[in-house]
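# A look at the structure
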Amino acid sequence: MPDRAEGGNASSHADGAAELPTSATRDDLSDTDRRRVQAVTRPATNFSKAEKFEAMAGGGGTSIASVNQDSFSQFSANITFAEEGTFKLGNALFRKLWVSSPSSTQASDGLGPLYNARACQTCHLKDGRGHPPEGSADATSMFLRLARVPKTDAERAAIAAHEVLNFPDPVYGTQLQDSAVPGLPAEGHMTISYTETPVTLAGGETVSLRKPQYSIDKPGYGALDETTTLSPRVTQAMSGLGLVEAIHPADILTNADPDDKNGDGISGKPALVRDPVSGQPILGRFGWKAQSATVRQQAADALAGDIGISSPDAKRSHGDCTAEQAACLAMADGVQARLGDTEAPDPVLDLITFYSENLAVPARRKASFAETLAGKKVFYETGCISCHVPKFVTRRDAANKAHAFQLIWPYSDFLLHDMGDGLADGQQVGGASGSEWRTPPLWGIGLTKTVSGHTFFLHDGRARNLTEAILWHGGEAAKARDRFATQEKADRQALIIFLESL
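Quick notes on the rules
Residues numbered from 1 in each chain as written. Predicted model: local features only at pLDDT ≥ 70, side-chain atom pairs only at ≥ 80, totals over all residues. Heavy atoms only, no water. Disulfide = S-S within 2.5 Å. Buried < 20%, exposed > 50% of the residue type's maximum accessible area, 1.4 Å probe, protein only. Core = buried A, V, L, I, M, F, W, Y, C linked by side-chain atoms within 4.5 Å. Contact = heavy atoms within 4.5 Å. Pairing = 2+ DSSP bridges. Helix = DSSP H or I, 4+ residues; strand = E, 2+ residues; numbered from the N terminus. 1 Å grid on protein atoms, 1.4 Å probe; cavity = no way out; pocket = protein on both sides within 12 Å on 5 of 7 lines; lining within 4 Å. Points joined across faces, edges and corners; volume = space filled by probe spheres on them. Nonpolar A, V, L, I, M, F, W, Y, C, P; charged D, E, K, R; others polar. Phe/Tyr/Trp six-rings, centres within 6.5 Å; stacked < 30°, edge-to-face > 60°.

## Looking at the state of the cysteines
Applying the stated criterion across every chain yields a total of one disulfide. Linked covalently through their sulfurs, Cys-321 and Cys-328 form a disulfide whose S-S length is 1.7 Å. Left without a disulfide partner, Cys-384 is nearest to the cysteine sulfur of Cys-387, which lies 9.0 Å away. Among the residues examined, Cys-387 registers a relative accessible area of 12% and is labelled buried.

Quick look at the structure:
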C-alpha cells in the first residue's frame, strides 16, 4: 500500500542518487484548512490545563476501552462495521502459526527454513513492545540485524542511490536466525553481557546504566565476515501505524534541519528509501532506522525475514537463506501453484497490512491532572519536543477515511538523529549512520508494563525504566539529557509522570 504522494515528488541526480522534495507545503489542504492545521499543531504555551482533544491521542480512532493487557489490540474506533470484519481476519493471520514444508496443512506451510518466529504475534505479543531475554532463553521479540560494511565504490554508490539499505553477511544474511526447520541447524543464538556504570543526578540520586555487549553463541555456519556488525532490535508497539503513514511528508520534512542551519544542535534528517512496488524514492518513517516507507512494506519484510514466508511484495520463499547455505536453499518451500507464486498469496498480505494499520492508539490517562501538566511543562522546557514533536494533522486524502484529517499525538518527528556513541550500533542502514536513529513515537509508552509486562526501553531494551532511557540520550539529545540530570528531583519525577500518561 505505497504512499502515492511521495513517489512522484522525488527527483533523481545524474549520478543515480535520489533526493526528497525540499518543499514543506501540503498539497492536500485548502488555505482555510492549512490555517486550521497550523493553529492546532502549534506547541503548547499554557500548561495550566490540557489542550483540546489532548486525551484523544489517535484522533477519532482512539480506543477508550478499559486499560488492560489488550490495550494495544483494539481496532480503530472510527472504522466501518465491514472493516471490523477485515480487521478480525487480519488479526487471525497475524496470529497464524506457520509450519515447515511439506505439510498436510498446505495453507500454513512454508516456514523458514531458517526463522526467528512462527507467527507475527510471537514477536509482537499483544501488539506491544519487545524485550531482551531477561532471566530466560526467550529472545523471540528481540533479534540481531547483520550487515557488513560496503567494500567497493560500486557498493557505496548503491547505498547512496538508495538501491540497497546495506549489505548482508555473505553467509548469515541480514538477520541471525535462531531457529530452523527439522534437519537444518539454526544459525546461532544471541548472547548479551552488561557492564553497569553509575550516574549521579542532581540531589545525589544515583542511577546505574547498563551497557550491553553482543555476541553469537554456537554459530551454525562458521565465522561471520570480519566486518559484519551486530545490531540488536526489540520489536516496537503496533498502535497507530496507519495514522503515521497518513502524515503528509511535507509535515515531516518541515521539521528536518540536516545541516543545523538554525544552530540549535538538532539536525534531524529525513530517511529516503525505495518503494519496493514502484521503485520510486519515498520517505521512510517506520522501523528503528526509518528503513520502511509503508506498513505493507514492513509486513512483507517481516514475513520474509522473520518467518521465512514469501508474499507478493517479498518473493523470498526461503527467507533469509544465502547462496552459501546450500542445504537451506534445497529445502522444500510452501508455494502452492494453484494459489499463486508465493507462500502468502493475496489477500494474506492485504489483510495483515489492514490489521496493522488499524490498531488503535489508546486514550491518554490523567491528561488534565495537575501533576501530569507539571511534567508536560518540564518536557517542553527540557527541549524534548525538538525531536518528540507532539502532534500532527493527517492528510485529507488518506487512503482510508478513518485516517484522514485526524489530529494525532505521536510525540515523534519521524526523522533520523545522531544519538551519540553510547547508543551507536555501528551499522549503516540506508542514509542512517551507525549512530543515527529514528525518533520513536511515545504514544502508549506509559502502558508498556500493563501490556507487555516489562519496562525495557530503547532499541535494545537496555534501559530498565524511563529514567534510564532518558539518561542514555546523547549526541543531538545531550543537552536535553543534561537538563534532565541537573533538574530537581521533583521536576524529574513530574516528567516521568507525564510520560507515563502517554
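## Side note on the nonpolar core
In terms of nonpolar packing, the biggest core is built from 97 residues, with Phe-379 and Leu-499 touching the most fellow members. If we ignore the near neighbours within four places in the chain, the residues touching Phe-379 are Cys-384, Ile-385, His-388, Tyr-411, Leu-442, Leu-495, Phe-498 and Leu-499.

## Considerations on the pairing of strand E10 (residues 281–284)
Of the strand pairs in this sheet, strand E9 (residues 271–274) and E10 are connected by four bridges, and their pairing is antiparallel. If you follow Val-273 over to E10, its bridge partner there is Ile-282. In this structure, the hairpin formed by E9 and E10 is closed by a connection of six residues, where Gly-279 is found at a positive phi of approximately 80 degrees.

## Quick look at the environment of Gly-242
Counting through the fold element by element, Gly-242 comes out in helix H6 (residues 241–245). On a C-alpha basis, the gap between Gly-242 and Glu-51 in space is 24 Å, while along the polypeptide they are 191 residues apart. Here Gly-242 is in contact with Val-295, Ser-356, Glu-357 and His-403, once residues within four sequence places are set aside.

## Remarks on the pairing of strand E4 (residues 142–147)
Across the six residues that make up E4, a large majority, five, are buried. Across six bridges, the pairing between E4 and strand E8 (residues 229–234) is antiparallel. By the bridge assignment, Leu-146 is partnered in E8 with Leu-230.

## Describing the layout of surface pockets
Here the second largest pocket defines a volume of roughly 720 Å³. Lining the second largest pocket are 39 residues, and of these His-388, Met-419, Ala-469, His-473 and Ala-477 lie nearest its centre. Every element with two or more residues in the lining of the second largest pocket is listed here: helix H11 (370–382), strand E14 (436–438), helix H13 (466–471), helix H14 (478–486) and helix H15 (489–501). Ranked by residues supplied to the lining of the second largest pocket, first place goes to H14 with five residues. Each residue belonging to the lining of the second largest pocket can be placed in one class, and the counts come to 22 nonpolar, 10 polar and seven charged.

## Considering the side chain of Thr-322
Examined against the element boundaries, Thr-322 turns out to sit in the loop between helix H8 (295–307) and helix H9 (326–330). Beyond its immediate chain neighbours, meaning those up to four positions away, Thr-322 contacts Asp-169, Pro-170, Val-171, Tyr-172, Gly-173 and Leu-329.

## Points about the packing of aromatic side chains
The final tally for this structure, using the stated rule, is 10 aromatic pairs. On the numbers, 5.1 Å between centres and 70 degrees between planes, the contact of Phe-47 with Tyr-380 is edge-to-face. You can see Phe-47 sitting in the loop between helix H2 (31–40) and helix H3 (81–95) and its partner Tyr-380 sitting in helix H11, a full 333 residues away along the chain. For the pair Phe-47 and Tyr-380, a shared accessibility class is recorded, and that class is buried.

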